[in-house]
Amino acid sequence: LVGVYTNRHGERWELQLKGSGKTPYSRNGDGRAVLRSSVREFLCSEAMHYLGIPTSRAASLVVSDDDVWRDQFYNGNIKKERGAIVLRLAKSWFRIGSLEILAHSGELDLQRRLLDFIIQEHFPSIAMNDSNRYLEFFSTVVSETANLIALWMSVGFAHGVCNTDNFSLLSITIDYGPFGFMESYDPNFVPNTSDDERRYKIGNQANVGLFNLSKLLQALKPLLDPRQKHLASQILEGYGERYYSRFTELFKAKLGLLGENENDNYLIAFLLKVSFLC
């Protein structure tokens, strides 16, 4: 994270370098990025923005003089590639994993401080003196995550690695890795060649979203009282209905369907099935 930039419109953007080297979170990796993946992230994040889908943005791409060694297809064939660095922007880079790791290590005071900071900076509709602010925060994240994944599905976008560390707390598309767009409808489409179990296939994105939100709730529970925990569980149970409603709304718009008709959902499902069979 390089810093925070405020543009002439008063918008605050966090600037982050991808591919610039090791960080405390690089684990055994070298923290580098290759040119091909950097170009893909730059182009796709900008395309998603202009498709009207919440996303990080790309400001610049610089080719590095460093050689980076990568096994592109995970088949043991390691090749030397040209390195690159992307300067990418987002209103926030905090993820579900940012809270999950603090809850897991029992750092509840730090987790509470971080949550309050995120709410104050990015959720202006939530009052900081509201005793239910964490519950309101969770409700917003559940609703907006359902909306984001429905938008992904409306353009045939598969993220590729939908773990909790790649899911934004602001419900924007972040961390473009082995993503892909379907050429024709296939619920089993997997853009990630290392995903042998097809966990992140496009047809499973909504379910994975629910799984990640359940992990978020698990991380928040130490900060909630019994009543709030019960209400949060009810909110999570409403995720599927929220996702399905938004998914239907988007596909009805694609088909030019006006008003409400009991056969709308059948028609959408039928056309997707026809596309899959073709």
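Being a predicted model, the structure only gives us computed values, none of them experimental. (Residues numbered from 1 in each chain as written. Predicted model: local features only at pLDDT ≥ 70, side-chain atom pairs only at ≥ 80, totals over all residues. Heavy atoms only, no water.)

Novice: Quick question: what am I supposed to make of empty space enclosed by the protein here?
Specialist: Scanning the entire structure with this criterion turns up one cavity of 30 Å³ or more. Taken as a whole, the largest cavity encloses approximately 50 Å³ of empty space. Taken together, Thr145, Leu148, Trp152, Asn166, Phe167, Ser168, Ser171 and Ile172 form the lining of the largest cavity. Its residues assigned to classes, the lining of the largest cavity comprises four nonpolar, four polar and no charged. (1 Å grid on protein atoms, 1.4 Å probe; cavity = no way out; pocket = protein on both sides within 12 Å on 5 of 7 lines; lining within 4 Å. Points joined across faces, edges and corners; volume = space filled by probe spheres on them. Nonpolar A, V, L, I, M, F, W, Y, C, P; charged D, E, K, R; others polar.)

Novice: Please explain the packing of helix H4 (residues 133-154) against helix H5 (residues 205-220) as it appears in this structure.
Specialist: For any two helices packed against each other, one specifies the crossing angle of their axes together with the interaxial distance. Where H4 contacts H5, the two axes come as close as 10 Å, and the packing angle between them is 165°. In terms of axis orientation, H4 runs roughly antiparallel to H5. In this structure, H4 meets H5 at a crossing whose hand is right-handed. On the side of H4, the interface is formed by Tyr134, Phe137, Phe138, Val141, Val142, Thr145, Ile149, Trp152 and Met153, while H5 contributes Gln205, Ala206, Gly209, Leu213, Leu216, Leu217 and Leu220. (Axes fitted to C-alpha atoms, helices over the stretch in contact; angles between N-to-C directions. Helix = DSSP H or I, 4+ residues; strand = E, 2+ residues; numbered from the N terminus. Parallel < 35°, antiparallel > 145°, perpendicular 65-115°, else oblique. Left-handed = near helix turned anticlockwise from the far one by under 90°. Contact = heavy atoms within 4.5 Å.)

Novice: Please clarify how the layout of surface pockets should be interpreted in this entry.
Specialist: Summary: where empty space remains is shown by rolling a probe the size of a single water molecule over the atoms. Empty space within the second largest pocket amounts to approximately 220 Å³. As for the second largest pocket, its lining consists of 16 residues, and the residues nearest its centre are Tyr185, Tyr243, Tyr244, Phe247 and Leu272. Contributing elements (two or more residues each) for the lining of the second largest pocket: H5, helix H7 (239-255) and helix H8 (264-277). Among the residues making up the lining of the second largest pocket, the classes are represented as 10 nonpolar, six polar and no charged.

In short, shape yes, function no, at least from these values alone.
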